[in-house]
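Overview (structure and organization)
Spelled out, the chains give:
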Amino acid sequence: QVQLVESGGGLVQAGGSLRLSCGASGMIFRFYTMGWYRQAPGKQRELVATITSGGGTNYADSAKGRFTISRDNAKNTLYLQMNSLKPEDTALYYCKAAAGFQTAYWGQGTQVTVSS
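Structure report, in brief. Just so it is clear, the model here is predicted, and its values are computed rather than measured.

Scanning the protein for helices and strands turns up zero helices and 11 strands. Overall, the protein shows an N-to-C arrangement of helices and strands of β-β-β-β-β-β-β-β-β-β-β. Each principal axis of the C-alpha atoms in the protein carries an extent, and together these give about 40 × 25 × 25 Å. Burial statistics for the protein: of 116 residues in total, 41% are counted as buried. As displayed, the protein offers around 6,100 Å² of accessible surface, 49% of which is attributable to carbon and sulfur atoms. Computing the positive centroid from 11 side-chain charges and the negative centroid from 6, the protein places the two 5 Å apart.

This is the structure:
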């Protein structure tokens, strides 16, 4: 069974940094496009960043220049380095895996809270 487990969330002051991890199992990790999404209370889930099997990256405008998505295929792990955090970054962050046009897989989410 495919499982994605996020970790690394927590409480941080504005301007601080946090590194999220997503461990994958039950899949051939290196074949998947991976992504980070987030959802704040009362808002829609939104794309934060993606990274393809070939290493190409894409970022939401809100994340550009502050966040870095990366992957370690040997460890079956996806990362999101978040710097210069703002209160508006507060959300539940989800890991996503997708291959081709197949159904995507989602993790359970990890909470990131940025205080003023």
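From this point on, the discussion continues.
Backbone geometry places N76, a non-glycine residue, at a positive phi of 50°. Relative to the helices and strands, N76 resides in the loop between β7 (67-72) and β8 (77-82). With a relative accessible area of 26%, N76 lands in the partly exposed category.

So, about the side chain of R66. Inspection of the secondary structure puts R66 in the loop between β6 (57-59) and β7. Relative accessible area serves as the criterion here: at 11%, R66 is assigned to the buried category. Polar side-chain contacts of R66 include one of 3.0 Å to the backbone oxygen of S84. Here D89 takes part through its side chain, which lies 2.8 Å from a polar atom of the side chain of R66. Among all residues touching R66, those that are not within four sequence positions of it are Q81, M82, N83, S84, L85, K86 and D89.

A few words on the nonpolar core. The tendency in soluble globular proteins is for nonpolar side chains to be buried side by side. Counting 30 residues, the largest nonpolar core has M34, W36, L78, L80, M82 and Y93 as the members making the most contacts within it. Among the elements of the structure, β3 (18-25), β4 (33-39), β5 (46-51), β7, β8, β9 (91-98) and β11 (110-115) are those that each provide at least two residues to this core. Apart from the residues within four sequence positions on either side, M34 is in contact with L4, M27, F29, A49, T50, I51, I69, R71, L78, C95, K96 and A97.

As enumerated under the stated definition, the model contains one disulfide in all. Two residues, C22 and C95, share a disulfide whose sulfurs are 2.0 Å apart. The sign of the -75° torsion about the S-S bond sets the C22-C95 disulfide as left-handed. Placement of C22 in strand β3 and of C95 in strand β9 is noted, with a sequence separation of 73 residues between them. With respect to class, C22 is no different from C95; both count as buried.

Here we come to the pairing of β8. Of all the six residues making up β8, five are buried; the element is thus mostly covered by neighbouring parts of the structure. The pairing of β3 with β8 spans six bridges and is antiparallel. The residue bridging G23 from the neighbouring strand is T77, located in β8. Linking two consecutive strands that pair antiparallel, namely β7 and β8, is a turn of four residues; a positive phi of about 50° is found at N76 within it.

Rules used in this analysis
- Residues numbered from 1 in each chain as written.
- Predicted model: local features only at pLDDT ≥ 70, side-chain atom pairs only at ≥ 80, totals over all residues.
- Heavy atoms only, no water.
- Helix = DSSP H or I, 4+ residues; strand = E, 2+ residues; numbered from the N terminus.
- Buried < 20%, exposed > 50% of the residue type's maximum accessible area, 1.4 Å probe, protein only.
- Areas by Shrake-Rupley, 256 points an atom, 1.4 Å probe, with all protein chains shown as cover.
- Lys, Arg positive; Asp, Glu negative; His and termini not counted.
- Charge placed at Lys NZ, Arg CZ, Asp CG, Glu CD.
- Polar contact = N/O pair within 3.5 Å; in protein donor to acceptor, adjacent residues only side chain to side chain.
- Contact = heavy atoms within 4.5 Å.
- Core = buried A, V, L, I, M, F, W, Y, C linked by side-chain atoms within 4.5 Å.
- Disulfide = S-S within 2.5 Å.
- Pairing = 2+ DSSP bridges.

Without other data, these values stay purely geometric and don't point to any function.
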